[in-house]
Amino acid sequence: MIIKKTPEEVERMAAAGAVLVRTMNLLAGKVRPGVSTGELDRAAERFITSQGAVPAFKGYRGFPGSICASPNSMIVHGIPGPYKLHRGDILSVDIGVILDGWVADAARTFAVGPITPIAGKLLRVTEESLMAAVPQCRPGNRLGDIGDAVQRHVEANGLSIVRTLVGHGIGREMHEDPQIPNYGEPGTGIALEEGMVLAVEPMVTAGRHAIRVADDRWSIFSQDGSLAAHFEFTIAVTADGPRILTPWHEASSGGRAAA
Ligand code: MG
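None of the values given here were measured: they were computed from a predicted structure.

**Student:** Looking at this model, I keep getting lost on the sheet that holds strand 13 (residues 228-230). Mind explaining?
**Tutor:** Whenever strands of a sheet pair, they do so through backbone hydrogen bonds, lying parallel or antiparallel. Overall, antiparallel pairing links the 3 strands, which are arranged 6-10-13 in an open sheet. Every other strand in the sheet has two partners, leaving strand 6 (160-161) and strand 13 as the edge strands with one partner each. Pairing of strand 6 with strand 10 (residues 203-205) involves 2 bridges; the strand directions are antiparallel. Of the residues in strand 10, the one forming a bridge with Ser160 is Thr205. Helix 3 (residues 117-133) rests against strand 10 and strand 13 of the sheet, and its axis sits at about 30° to strand 13.

**Student:** Looking at this structure, how should I read the pairing of strand 15 (residues 241-244)?
**Tutor:** Each regular strand carries side chains that alternate between the two faces of the sheet. In this sheet, strand 15 lies alongside strand 14 (residues 233-238) in antiparallel orientation, the contact comprising 4 bridges. What sits directly across from Val237, in strand 15, is Pro242. In sequence, strand 14 turns back onto strand 15 through a hairpin of 2 residues.

**Student:** Looking at this structure, I do not really get the sheet that holds strand 11 (residues 211-213). What am I missing?
**Tutor:** Here 3 strands make up an open sheet; going across it, the order is 3-12-11 and the pairing antiparallel. The open sheet is flanked by strand 3 (74-76) and strand 11, the only strands paired with a single partner. Each strand axis lies, on average, 40° off the axis of its neighbour in the sheet, ignoring direction. Inspection of the sheet shows strand 3 paired to strand 12 (residues 220-222) by 2 bridges, in the antiparallel sense. Within strand 12, the residue paired with Val76 across the bridge is Ile220.

About the cut-offs
Residues numbered from 1 in each chain as written. Predicted model: local features only at pLDDT ≥ 70, side-chain atom pairs only at ≥ 80, totals over all residues. Heavy atoms only, no water. Pairing = 2+ DSSP bridges. Helix = DSSP H or I, 4+ residues; strand = E, 2+ residues; numbered from the N terminus. Contact = heavy atoms within 4.5 Å. Axes fitted to C-alpha atoms, helices over the stretch in contact; angles between N-to-C directions.

No statement about biological role is implied by the geometric values presented.
The structure is reproduced here in structure tokens:
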């Protein structure tokens, strides 16, 4: 069942999203060689709680971190810890924030100093595929229009869509209906309606699309060890069109951390 939100409820989700964006910006300033993912996690948790909000991932089905930190061939759900970032790494950071009972969810992949051309292309194309999905999130379109926009851009650039992981509806719960694949046929699937709020999150690899779950039962890697990127917005379908509730792309700090 898809739970639609009133305009007032969308505003409350946007407030959660604003805390999330400020958290993402804080981390963007900290991502650099030598910093551990555990340090990023602690900084995020301190900031989120200082805002009167709650890190949505902490304790979710037993997840131990406040953020997910997934370097290199890890696609998603990395547990923050002792891993220290290296020059040339890419790092996907996924953040969930609960404010006054409403959840926002967003992710982006950072470059840690200069990265290889293929890594640079992966980050650029994955972010572009998310941006291509945004205008599809409007009343009258269908779910397949979102997946098609992502898939078309990613595959035109010779990269692979992860198929077994999908986006989701979001609201008072982090994961609500519908599931949102990053592939699809235009004009198919459920009709998008005002009040739906969607976490759209392309996950893309530079190799093949198959995944592997690690022994910690959280971390998900590309099976072939290829680099992976993850970009996500929480987006409200409004009468005026799509509204990004987690606009980390409007930050001045950019995605490229200092070397
Ligand atoms: Mg999500």
